[in-house]
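# Report on the structure
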Amino acid sequence: MVRSGTAYRSLELNEVIGSVARSYGAEWSTTTPSPAITIVKAFTPVNTVLVDCTLTSDGFTSQYYWGANGKNSGTQPIHYVNVCADGVGHGDGFNRSIPPSRYFGWSVGCWLKPACTASDSGALLAVNGIQLEAQE
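Attention now goes to the overall build of the protein chain. The helix and strand inventory of the protein chain stands at zero helices and 16 strands. Here the protein chain holds 136 residues, and the buried ones make up 40% of them. Across the protein chain, the fraction of contacts at a sequence separation of at least 24, relative to all contacts at a separation of at least 6, is 80%. Summing over all exposed atoms, the protein chain offers an accessible surface of approximately 7400 Å²; the carbon and sulfur share of this is 52%.

Looking now at the sheet that holds strand β16 (residues 131-135). Note on sheets: strands pair through backbone hydrogen bonds, and any given pair is parallel or antiparallel. If you trace the three strands from one edge of the open sheet to the other, you get β12-β6-β16, paired in antiparallel fashion. On the outer flanks of this sheet lie β12 (95-101) and β16, each paired with one strand and no other. For this sheet, the mean inter-axis angle between neighbouring strands, taken without regard to orientation, is 20°. Relative to β12, strand β6 (residues 38-43) runs antiparallel, the two being bridged by four bridges. Each residue of the ladder has a partner; that of Lys41, found in β12, is Ser97.

Below, the discussion takes up the side chain of Ser107. Along the chain, Ser107 falls in strand β13 (residues 103-110). For Ser107, a relative accessible area of 13% puts it in the buried group. If sequence neighbours within four positions are ignored, Ser107 has contacts with Ala26, Glu27, Thr61, Ser62, Gln63, Tyr65 and Leu125.

Moving on, we get to the sheet that holds strand β8 (residues 60-68). Read across the open sheet, the four strands follow the order β5-β13-β8-β9; overall the sheet is antiparallel. Every other strand in the sheet has two partners, leaving β5 (25-31) and β9 (71-77) as the edge strands with one partner each. Going across the sheet, the axis of each strand differs from the next one's by a mean of 20°, ignoring polarity. With eight bridges connecting them, β8 and β13 associate as antiparallel partners. Its bridge partner lying in β13, Gln63 is registered against Ser107.

Within the largest apolar cluster, 22 residues are counted, with the highest numbers of intra-cluster contacts made by Phe60, Tyr64, Ile78, Phe94, Phe104, Trp106 and Leu125. Elements supplying a minimum of two residues to this core: β6, β7 (49-52), β8, β13 and β15 (123-127). Residue contributions to this core peak at four residues, all from β13.

Here we come to the environment of Ala126. Its place among the elements puts Ala126 in strand β15. We classify Ala126 as buried; its relative accessible area is 8%.

So, on to the side chain of Asp58. With respect to the element layout, Asp58 can be found in the loop between β7 and β8. Buried charge Asp58 goes without a salt bridge, the closest partner of opposite sign being Lys113 at 6.8 Å. Not counting the four nearest positions on each side in its chain, Asp58 is found in contact with Asp52, Lys113, Ala115, Cys116, Thr117 and Ala118.

Before going further, it helps to spend a moment on unusual backbone geometry. Positive phi, close to 85°, is recorded for Ser23, a residue that is not glycine. In this fold, Ser23 is placed in the loop between β4 (20-21) and β5.

Turning to the packing of aromatic side chains, a few remarks are in order. According to the stated counting rule, one finds seven aromatic pairs in the structure shown. What links up through ring pairs into an aromatic cluster is the set Tyr64, Trp66, Phe94 and Phe104.

Procedures and definitions
- Residues numbered from 1 in each chain as written.
- Predicted model: local features only at pLDDT ≥ 70, side-chain atom pairs only at ≥ 80, totals over all residues.
- Heavy atoms only, no water.
- Helix = DSSP H or I, 4+ residues; strand = E, 2+ residues; numbered from the N terminus.
- Buried < 20%, exposed > 50% of the residue type's maximum accessible area, 1.4 Å probe, protein only.
- Contact = heavy atoms within 4.5 Å.
- Areas by Shrake-Rupley, 256 points an atom, 1.4 Å probe, with all protein chains shown as cover.
- Pairing = 2+ DSSP bridges.
- Axes fitted to C-alpha atoms, helices over the stretch in contact; angles between N-to-C directions.
- Core = buried A, V, L, I, M, F, W, Y, C linked by side-chain atoms within 4.5 Å.
- Lys, Arg positive; Asp, Glu negative; His and termini not counted.
- Salt bridge = Lys/Arg side-chain N within 4 Å of Asp/Glu carboxyl O.
- Phe/Tyr/Trp six-rings, centres within 6.5 Å; stacked < 30°, edge-to-face > 60°.

Okay, here's the thing in structure tokens:
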């Protein structure tokens, strides 16, 4: 989990004011400190991933990704699931084993339209907790 002291932290990716051009976006990832250590499982707790309720219809897409040496070996799309409030709702989480990977992360970007505009809040993606299992 992402923690600061005893409190959990949220990582949020938000749209700037106005429209975003195709191919622009943001991402977060973590990398193991040594090639001998690999990430083998990732988990986001239930109801801790929030996404733009109009994800894909507004042109934005979002995904989890993992891999090594700058090459993704896997991805999983993040979709809006339910409970939309102020343009942001629950997204599907992640709970699975992955092939041994040096990094794990998530991203959101404008890929489906020439320009994308999020809901009124501008919030696109917030991941409020992540557990990574690694092996050496």
